[in-house]
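Topology and contacts: notes
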Amino acid sequence: MLLFTPGPTPVPERVRQVMAQPSLHHRTPEFTKIFKEARELLLDLLKTDDGVMFASTGTGAMEACVTNLCHKKALIVNAGKFGERFVKIAKAFGKEVVELRYDWDTAAKVEDVKNALIEHPDIDAFFIQICESAGGLRHPVEDIAAQIKAIDPDVTVVADGITAVGVEPIDVSNIDALIAGSQKALMLPPGLAMVGLSHHAMRKLGDGAGFYFNIASELKKQREGTTAYTAPTTLIIGLKEILTIMIKEIGLDEIYDQTDRRATATRVALEGLGLKLYPEKPANAMTAIYDEQAEEIRKIMKNRYGVNVAGGQDHLKGKLFRINHMGLIEPHEASWVVNAVEMALRDLGRREYEGLANKIFNEIYFEE
Ligand SMILES: *Cc1c(COP(=O)(O)O)cnc(C)c1O
């Protein structure tokens, strides 16, 4: 079975191998060395001034950013499940929230953010997804962040990059906290979350907030090469390995380029079959297709052609299928996926099979 869901993504063989080594104790010079190397590579990936890791899924890092970086009022873009999650977290901690809601296919508008900041001068933190995974939507985060800083440089900009870090280059010049997670483009098992931090964010932290998810106390420890509580040693060992492969062996620019070609080739191939892209601005992390028969297509792909893709959530349940592009994926696997979609459409009696998706995919992916 090919796992083509936008998280979790398959873990490469070499990474599984290093994680299968005998356990290490976390307070030892051997592990500290690995931790420091993994942390240095992580900062090379995030390109932020500093950063911390938590043993949690991505949501833990989202919570840490809400509790540690919003002191007055939060402005939150909600265009899907993950934007909605920021709203739920902020409310769970009793924060005042101004919500900018959009349909799940619609990108946030710079003007709306500007107007909200003018109307609510007590907003001190802004939260958005770079890619909103619910609809595979790319928000114009860099533009919005630049506008926010032009209006009020004191507003902390938090970007959930869980399906963007490792997928595409991100301009972090106006981003104060950049969230990443292990089980998407980093190709690790779930359970490790990261937050890249700007100097502004670190000033805003003060002594931090909360206990386990206290960014300030965790940062102090991690700068010394250790963690406040037991480190998720296996995942850190895996992180060091995958980042060595991504940064030192393949190179990030090459990965971003391959992902871009894979995403573009998939989108054009599926549109060539007459299918409809769901988001107005598709992200490169995944392709989301809107279709009344999405559930049938998904079932046929899985049961007959051995490809597991994700569906839609909430009001889009049964109406969407989402194909992952994150991580290191062989073009022959990705072209099999679009081919499986075409065969599923044939099986549903919607079109003749002519190998069109495969043809388009390969022409675009391997274009000079
Ligand atoms: C997967 C994901 C998360 C984190 O979800 P967890 O289940 O907590 O790992 C957050 N934001 C986005 C955009 C995601 O795709």
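Up top is the structure.
Residues numbered from 1 in each chain as written. Predicted model: local features only at pLDDT ≥ 70, side-chain atom pairs only at ≥ 80, totals over all residues. Heavy atoms only, no water.

1. Thoughts on the pattern of salt bridges
Scanning the entire structure with this criterion turns up 26 salt bridges. Among the ionic pairs, Lys-88 bridges to Glu-84, the shortest N-O distance being 3.9 Å. Of this pair, Lys-88 and Glu-84 are both found in helix 4 (residues 81-92), four residues apart, which corresponds to roughly one turn of the helix. Look at Lys-88 and you get exposed, because its relative accessible area is 54%. In this structure, the salt-bridge partner of Arg-101 is Glu-99, at a minimum N-O distance of 3.9 Å. Judged by relative accessible area, Arg-101 falls into the exposed class, the value being 64%. The structure contains a network of salt bridges with shared partners spanning Lys-81, Glu-84, Lys-88 and Asp-314. (Salt bridge = Lys/Arg side-chain N within 4 Å of Asp/Glu carboxyl O. Helix = DSSP H or I, 4+ residues; strand = E, 2+ residues; numbered from the N terminus. Buried < 20%, exposed > 50% of the residue type's maximum accessible area, 1.4 Å probe, protein only.)

2. Notes on the layout of surface pockets
Of the voids in this model, the largest pocket is the one considered here, and its volume is about 250 Å³. Contributing to the lining of the largest pocket are 19 residues, with Pro-6, Phe-82, Ser-133, Gln-183 and Lys-184 lying nearest its centre. Of all elements in the fold, only helix 3 (58-69) and helix 4 reach the threshold of two or more residues within the lining of the largest pocket. It is helix 3 that contributes the most residues to the lining of the largest pocket, three residues altogether. When the residues that make up the lining of the largest pocket are grouped by side-chain class, the tally is six nonpolar, nine polar and four charged. (1 Å grid on protein atoms, 1.4 Å probe; cavity = no way out; pocket = protein on both sides within 12 Å on 5 of 7 lines; lining within 4 Å. Points joined across faces, edges and corners; volume = space filled by probe spheres on them. Nonpolar A, V, L, I, M, F, W, Y, C, P; charged D, E, K, R; others polar.)

3. Concerning the environment of Tyr-290
Checked against the element boundaries, Tyr-290 lands in strand 12 (residues 286-290). Residue Tyr-290 is classed as partly exposed on the basis of its relative accessible area of 25%. It is 34 Å that separates the C-alpha atoms of Tyr-290 and Leu-239, two residues lying 51 residues apart in sequence. If we skip the residues at most four places from it in the chain, Tyr-290 touches Lys-276, Tyr-278, Leu-316, Lys-319 and Leu-320. A distance of 3.3 Å separates polar atoms of two side chains, one belonging to Tyr-290 and the other to Glu-292. (Contact = heavy atoms within 4.5 Å. Polar contact = N/O pair within 3.5 Å; in protein donor to acceptor, adjacent residues only side chain to side chain.)

4. A look at helix 12 (residues 331-347)
Look at helix 12: 24 Å from first C-alpha to last across 17 residues, which is about the 24 Å you get at 1.5 Å a residue. Restricting attention to buried positions, one finds in helix 12 the residues Pro-331, Ala-334, Ser-335, Val-337, Val-338, Asn-339, Ala-340, Val-341, Glu-342, Met-343, Ala-344 and Leu-345. (Expected span 1.5 Å × (residues − 1).)

5. Quick notes on the site of the ligand
Taken together, 14 residues are adjacent to the ligand, and Thr-57, Thr-59, Ser-133, Asp-160 and Lys-184 come closest. Here an oxygen atom of the ligand sits 2.6 Å away from a polar atom, N or O, in the side chain of Thr-57. Within the contact set of the ligand, an oxygen atom lies 2.7 Å away from a side-chain nitrogen or oxygen of Lys-184. Alone, the ligand offers 380 Å² of accessible surface; in the complex the protein occludes 89% of this. (Near = heavy atom within 4 Å. Areas by Shrake-Rupley, 256 points an atom, 1.4 Å probe, with all protein chains shown as cover.)

6. A short note on helix 6 (residues 141-151)
Taken together, the buried positions of helix 6 are occupied by Val-141, Glu-142, Ile-144, Ala-145, Ile-148 and Lys-149. Burial along helix 6 is one-sided: seen end-on, the buried residues are contained in an arc of 160°. Of the surrounding elements, those touching the buried residues of helix 6 are helix 5 (110-119), strand 5 (123-129), strand 7 (137-138), strand 8 (156-160) and helix 7 (199-205). (Arc of directions from axis to C-beta.)

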